[in-house]
Amino acid sequence: MKSPQRSSDDLEAGGDIPKSRNHSRRRGRGIFVAVDASIRFKSAMGCEKEIELGSHDQPTAKDVKLSQSEEQPVQVEIELPASYPDEFGIRLEELVSISCDGGLSVLKRFDGVSGLSPLLHTDLDKGICGTHEYIRRRRNKFGSNEYPLKKERNFWMFLGEASRSFTLIVLVLAALASLLLQIKTKTISHEWYDEAGIIVAVILVIFVTAISNYNQSLQFEKLNDEKRNICIEVTRNGRLVEVPIYDVVVGDIIPLKILYMLQVPADGVLVSGYSLQIGEYETMGTNRTVHKDTDIDPILISGSKVEDGIGRMLVTSVGMNTQWRMPMACIPLYTGEETPLQVHLNRVVIAFGLISISVALVVFLIESCLCFMGRTKNTDGSPMFDAGKTTLDEKIDMVIKFIILGVTIIVVAVPEGLPLAVTLNIAYMTRKLLGEKVLVQKLSACEAMGSATTIVCHKTGILTLNQMEVVDVCAGRVRTHNLDTMAAELSPLLFSLITEGIALNTNGSVYHPEGQSEPEVFGSATERAILNFGVKLGMNFDEIKSKSTIFRVSPFNSRRKRRGVAVQLLIHLQHDSQVRVHWKGAAETILASCQWYMDKDNIAAMDQEKKFHFEKTIDEMSKEGLRCAALAYRNFTDGDIPESNLVLLAIIGIKDSCRPGISRAIQQCRNAGVKVCMVTGDDLLTAKAIAMQCGILRGTLDEPANTAILASEFASMSEADREEIAENIVVMGRSSPDENLLLLEALRKKGHVVAATGKGIRDAPSLRQANISLAMGIGGTAIVKECSDIIILEDNFTSIVKVIQWGRFLYTNAQRFLQFRLTVNASALIICVVVAVHSHEIPLNVAQLLWINLLTFTFGAWALASEPPMDNLMRRPPVRKGEPFITKLMWAKFVAQVSFQVSALLYLNFRGESILKLENKSLDQANKVKNTVIFNCFVFCQVFNEVECRTSYQGNTFSGILKNHLFLGTILLNVILQIIVIECLGIFFYTARLNLKQWLISIGIGFFSQVIGRFPFQAFPYLRNEDHI
């Protein structure tokens, strides 16, 4: 049985075969190694005060004996004894020294990577043993690939933040001053309950706010953990397996392929590679790209990036033993940055704050002047201030009361919960989106996604399943869809050349597990499809690889759309004969380079008629939505790999089925006013066929011109022409990242909000150009995921539609909560100011207003945030830039609600004694009951207003409410707590117990406020055309 990873694979980039090193090495000899040990561990040093180590203790390389000198490099003396005390033939500090300055000389002392690998018990082809026990022993010996993390903020930090609110501090200080003044003058009585109620309410608000913020922090921390869960490929037991980056251990063999992994996960040594370009700007502190090879510069540093080429590395140091210690620090995590919507709402808070401060100052001055002029009366009719009788302590107490009155007005008017509501919505949304296999990295991208007008989307793996299969083949004179019987129809020579080209010209591999009849095929989706085709023909992958040597490779790239290998067959080595080159790539590209074709056992000239026949075959396959590839070969003597005068072997049609439900998702986008533009490397015929299957192209007469275009044609246009037709393009064939970037630029200049998908490093400029960048979780590379706003974990287009829907939900929910909060604040402000000026007191005391604030900005935000996105969100056009956040409909509902609540509660304030039949009660008791009813009515107005705000104007207010258990639970909790406050905590909130009639009046006025909320739709039909609430 052969390993799927052979040394010939290591040279897929092609380069000359390095000369073999001497593998034998005497372990009994002693050596002394001089190393320049100016080790630069700067990335960890700057963070020591802010980080804490994980729970797993791991060995570090602190035992290296260094003596520092300013003038000369430090010399490190390492002696290898005759025998080692453990199972590995090398110590940890020796491995760490390989990654330091002068590490190449250390590596050479070990006879290079070929001498180092036996000491680590690593097979350079098959890797290490992958059993859990063996991995654990390596981790215990050499450390784990884990890094320090920032300390998480605990609950007490959030409690401290919540307690630093200026208005709350002023209220507590004023209450304490009033209480101390009463103690000093020995006038303290049951009135101290007012001050105690203020303090209790403030403490309650602080704790609820801290709990809410702490829970949100935990939600975002879970999302950070999900983002850190990066998986990479390693070779273990002769197989490529995917493991979390934290499970990489010393001795692992890791493939470095630009298509699969860009970040070097640990320190190591290059085993083999071709055209390997490593960006060391993040690890070396300079912006440079370094060419790595096995002889001159084989040392690889964790955190550096693979920018081009391919290779394989042997891991020598992991985690805190790596040279720079913190390669994972470059991964962006949630930092709590404010989103544009939060910034906008903060401006609303500031505006209302300025208004409330102005009003509070005016009320304070008016009340103070009236009081000290003797016009303010006590309940018995006597003046509150008498110039000859009022003591200094009483004057101070009056001023404190007026300060509390002014601060109360500020508390009433400032809608502090607006930004918190957006945060709650984002926390709820990101948790739900994670369930939809979407990881949000930049919170503002959720808002922008709700306004997206165009999605520029790759085809493979997003619109399609990326499960490719060869279904149509044209080889020689044979054209068949039945691959199981095709081998019998091919001549022996043609069969040999096709299977040889498939087995040798590939990045993939075929592995035959013991005890299994079916082989396992590895590689990209296209590679697996072609290799499976070879297996069906009867290809013996291991035998073909063993009888050949690959010494030159021309890698595939998106521009050339081909890949070539030069091989020397063992059968010809003794005769020093010609070598053979195999090419594979896009069918039309390969066909253009062919002057010959295989006609059974003969090589025939490619005349025009035959070329037209093959072109027609390619067109037929493309119109069926198949991706067309071709195989070709030729013999040559020496020099660069020839790219012309090739012999065509076969044309292959590869099917990649559309994802289930993709047509419905595309139609949802169309209904929502979002255009989907498909970009693909396939030819235009294949692209159009796939677009028709997905529903992107409908083939109707009303479809505009230039909906499908070749990328080269689009790129050759002038900038003005590109902008003119960009809005019509929905399919772009033979597209590369450069053309995608031109399309995005044209769309942005036309005012579109563009979301773009990306997979590889060359997509990074396009992602930066887009308003919202979407990385693919399966097909995307590490650097694309790092720089993207959102990661689609399962590469499914349906998930992108979900993000649009949730983005619109976030915007709409913010509008609803803004309307809800402004109604509460405006109503309370007007009532308090009017009554304060008229009666020199307010019907709602400080404790009651703080309680209302708590119910509305915390519980109200929780309730409204729990509403799922409505279906009609995807039947509206996106919100255009510059549209007012507060719509006409919002203003109408706001005016209607505020007018009703102010009128009803002011009427109760001035006529409450007669309405509630309180004439027989004492004046103090009557005022207490009346103010309690006003407080209760106001709370129930907000409860029913909350129910009104949960639905759009077109739907039934109670539609789906029974399915939303969190909303129902929050509303029910509001009502229960309100009952407890009225009936049990009256001593702190200065309320009286209410009878059944008074409770029914409170509930009735609250319910009627919801009816009033419906009035604008009936009275003003044109408001029904409002789209964004």
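Keep in mind that what you see is a predicted model, and the values were worked out from it rather than measured.

### A few points about the overall build of the chain
Helices and strands together make up the secondary structure of the chain, namely 34 helices and 28 strands. Nonlocal contacts in the chain, meaning residues at least 24 apart in sequence, comprise 74% of its contacts between residues at least 6 apart.

### Regarding the side chain of Thr-480
Structurally, Thr-480 is set in strand 13 (residues 478-480). Those residues in contact with Thr-480 that lie beyond four places of it in its chain are Val-471, Asp-472, Val-473 and Met-486.

### Comments concerning the environment of Ile-355
Tracing the sequence through the fold places Ile-355 in helix 10 (residues 340-372). With 59 residues separating them in the primary sequence, Ile-355 and Val-414 have C-alpha atoms 8.7 Å apart.

### Side note on the pairing of strand 18 (residues 579-586)
The buried count for strand 18 comes to 8 of 8 residues, which makes it a mostly enclosed element. Here strand 17 (residues 562-569) pairs with strand 18 via 6 bridges, running antiparallel. Counted as the bridge partner of Val-565 is His-582 from strand 18. In this structure, strand 18 lies alongside strand 21 (residues 627-636), joined through 8 bridges in antiparallel fashion. Note that in strand 21 the partner of Arg-580 across the bridge is Asn-635.

### A short note on unusual backbone geometry
Of all residues except glycine, most have a negative phi; of all peptide bonds, most are trans. Backbone geometry places Lys-561, a non-glycine residue, at a positive phi of 55 degrees. With respect to the element layout, Lys-561 can be found in the loop between strand 16 (548-554) and strand 17. Among the residues examined, Lys-561 registers a relative accessible area of 13% and is labelled buried. Phi angles above zero are rare outside glycine, and Lys-917 is one such case at about 60 degrees. Take Lys-917: it is sitting in the loop between helix 30 (888-915) and helix 31 (923-949).

### Some points on the nonpolar core
Core analysis: the largest hydrophobic core is formed by 149 residues, its most contacted members being Ile-455, Leu-463, Ile-696, Leu-774 and Phe-797. Ranked by residues supplied to this core, first place goes to helix 28 (residues 797-839) with 23 residues. Excluding anything up to four places from it in sequence, Leu-774 contacts Met-449, Ala-755, Ala-756, Thr-757, Gly-758, Leu-767, Ile-790, Ile-792 and Ile-800. Ranked by size, the runner-up nonpolar core spans 43 residues in total, among them Leu-92, Phe-142, Ala-266 and Val-318.

### Brief notes about the packing of helix 29 (residues 846-865) against helix 31
Taken N-terminus to C-terminus, the directions of helix 29 and helix 31 make an angle of 15 degrees; their axes are 11 Å apart at the nearest point. As the angle between them shows, helix 29 and helix 31 are arranged roughly parallel. For the crossing formed where helix 29 meets helix 31, the hand is right-handed. Across from Gln-848, Trp-851, Ile-852, Leu-855, Thr-856, Phe-859, Gly-860, Ala-863 and Leu-864 in helix 29, the residues of helix 31 making contact are Phe-935, Phe-938, Val-939, Gln-942, Glu-946 and Cys-949. Across the contact of helix 29 with helix 31, the residue classes tally to 10 nonpolar, 4 polar and 1 charged.

### Quick notes on a nonpolar patch on the surface
Side chains of Phe-958, Phe-1007, Phe-1008 and Val-1011 sit close together on the surface and give an oily, nonpolar patch of about 360 Å² of accessible area. Positionally, Val-1011 belongs in helix 34 (residues 996-1019).

### As for the sheet that holds strand 23 (residues 675-679)
The mixed open sheet is built from 8 strands, whose spatial order is 10-28-27-26-11-23-25-24. In this open sheet, the two edge strands, each paired with only one partner strand, are strand 10 (438-440) and strand 24 (708-710). Geometrically, the sheet is characterised by an average inter-axis angle of 20 degrees between neighbouring strands, direction not taken into account. Helix 25 (residues 737-749) rests against strand 11 (454-458), strand 23, strand 25 (731-733) and strand 26 (754-758) of the sheet, and its axis sits at about 175 degrees to strand 11.

### Section: the environment of Val-803
When you line up the elements, Val-803 lands in helix 28. Given a relative accessible area of 2%, Val-803 falls into the buried group. Note: C-alpha distance between Val-803 and Ala-445 (358 residues apart in sequence) is 9.6 Å. Here Val-803 is in contact with Leu-433, Val-438, Met-449 and Ile-790, once residues within four sequence places are set aside.

### So, the packing of aromatic side chains
With the rule as written, the count across this model stands at 12 aromatic pairs. Where Phe-817 meets Phe-820, the ring centres are 6.1 Å apart and the plane angle is 50 degrees; that geometry is what we call tilted. Of this pair, Phe-817 and Phe-820 both sit in helix 28, 3 residues apart, which is roughly one turn of that helix. Overall, the relative accessible area of 0% leaves Phe-820 in the buried class. Counting every residue linked through ring pairs, the aromatic cluster contains Phe-155, Trp-156 and Phe-207. Seen from the ring of Trp-583, Arg-562 lies directly overhead, with NZ or CZ sitting 5.0 Å from the centre.

### Observations concerning the UniProt feature "transmembrane region" (unreviewed entry) in the chain
According to UniProt, the "transmembrane region" (unreviewed entry) feature falls on residues 166-184, 196-214, 348-366, 402-428, 822-840, 846-865, 966-992 and 999-1017. Within residues 846-865, the helical portion is 100% and the strand portion 0%, while the C-alpha atoms at the span's ends are 27 Å from each other.

### Some points on the packing of helix 28 against helix 31
One can describe the packing of helix 28 onto helix 31 by two numbers: an axis separation of 10 Å at closest approach and a directional angle of 160 degrees. By the angle between their directions, the pair helix 28 and helix 31 is classed as roughly antiparallel. Note that helix 28 runs across helix 31; the crossing there is right-handed. In this structure, helix 28 uses Arg-816, Gln-819, Phe-820, Thr-823, Val-824, Ser-827, Ala-828 and Ile-831 to contact helix 31, whose residues at the interface are Phe-938, Gln-942, Asn-945, Glu-946 and Cys-949. Split into classes, the residues belonging to the contact of helix 28 with helix 31 amount to 6 nonpolar, 5 polar and 2 charged.

### Points about helix 7 (residues 155-162)
Along helix 7, the residues classified as buried are Phe-155, Phe-158, Leu-159 and Ala-162. Along the axis of helix 7, the buried positions cluster into a sector of 105 degrees, meaning they face one direction only.

### Side note on helix 30
The largest bend in helix 30 comes to about 60 degrees, at Asn-909. Positive backbone phi, approximately 60 degrees, marks Lys-917, located one or two places after helix 30.

### Thoughts on the pattern of salt bridges
Applying the stated rule across the entire model yields 23 salt bridges. A salt bridge links Lys-292 to Asp-297, with the shortest nitrogen-to-oxygen separation between them at 3.2 Å. The exposure class assigned to Asp-297 is partly exposed, which follows from its relative accessible area of 23%. Salt-bridge contacts for Glu-527 lead to Lys-584; the nearest nitrogen and oxygen are separated by 2.9 Å. On the criterion of sequence distance, the pair formed by Glu-527 in helix 16 (residues 525-537) and Lys-584 in strand 18 is long-range, its members being 57 residues apart. Take Lys-584: its relative accessible area is 9%, and that puts it in the buried class.

### Focus on the pairing of strand 11
For strand 11, the buried fraction is high: 5 of the 5 residues fall into the buried class. Every second residue of strand 11 is oriented toward a common face, with Thr-454, Val-456 and His-458 on one face and Ile-455 and Cys-457 on the other, all of them buried. Across 5 bridges, the pairing between strand 11 and strand 23 is parallel. Following the sheet pairing, Val-456 is matched in strand 23 by Cys-677.

### Topic: the confidence of the model for the chain
Of the residues in the chain, 79% reach a pLDDT of 70 or more, and the chain-wide mean stands at 78. For residues 1-85, every residue scores under 50 in pLDDT, and the model assigns this stretch 184 contacts once sequence neighbours within four places are set aside. Confidence over residues 326-336 falls short of pLDDT 50; this stretch has 31 contacts with residues more than four positions distant or in other chains.

Rules used in this analysis
Every residue gets a number counted from 1 within its own chain, in the order that chain's sequence is written. Reporting of local features is limited, given that this is a predicted model, to residues whose pLDDT is at least 70; pairs of side-chain atoms are given and counted only at 80 or more, and all residues count toward the totals for whole chains, interfaces and linings. Computation of side-chain values: all heavy atoms of the structure, hydrogens and water removed. Here a strand is any run of E in DSSP of at least two residues, a helix any run of H or I of at least four, and the numbering for each starts at the N terminus. We call two residues contacting when some pair of their heavy atoms lies within 4.5 Å. Only protein chains enter the accessibility calculation, which uses a 1.4 Å probe. A residue is then buried if its area is under 20% of the maximum for its type, exposed if over 50%, and partly exposed in between. Two strands pair if DSSP finds at least two bridges between them. The term nonpolar core refers to a set of buried residues drawn from Ala, Val, Leu, Ile, Met, Phe, Trp, Tyr and Cys, joined through side-chain atoms within 4.5 Å. Under this scheme, a helix contributes an axis fitted over its contacting stretch, all axes are lines through C-alpha atoms, and angles between N-to-C directions fall in the 0 to 180 degree range. Every angle not falling under 35 degrees, over 145, or within 65 to 115 is termed oblique; those three ranges are roughly parallel, roughly antiparallel and roughly perpendicular. Should the near helix be turned anticlockwise from the far one by less than a right angle, the crossing is termed left-handed; should it be turned clockwise, right-handed. As a working rule, the residues Ala, Val, Leu, Ile, Met, Phe, Trp, Tyr, Cys and Pro are called nonpolar, Asp, Glu, Lys and Arg charged, and the rest polar, with Gly in that last group. Patch criteria: residues need more than 30% relative accessible area and no salt bridge. Like-charged residues are merged within 9 Å; nonpolar side chains of Val, Leu, Ile, Met, Phe, Trp and Tyr are merged within 5 Å. The method behind every accessible area is Shrake-Rupley, applied with a 1.4 Å probe, and residues are considered shielded solely by the protein chains displayed. Salt bridges are counted wherever a side-chain nitrogen of Lys or Arg sits within 4 Å of a carboxyl oxygen of Asp or Glu. When the centres of two rings from Phe, Tyr and Trp lie within 6.5 Å, Trp using its six-membered ring, the rings pair. Their planes under 30 degrees apart give stacked, over 60 give edge-to-face, and anything left gives tilted. Look at NZ for Lys and CZ for Arg. If either is within 6 Å of the ring centre and within 35 degrees of the ring normal, a charge sits over the ring. UniProt positions are given in the numbering used here, feature names are shortened, and annotations may be inferred rather than shown by experiment. Here, the arc refers to the directions that run from the helix axis to the C-beta atoms. The angle separating two fitted axes, one through the seven residues that finish at a residue and one through the seven that start at it, defines the bend at that residue. You can read pLDDT as the predictor saying how much it trusts each residue, on a scale of 0 to 100.

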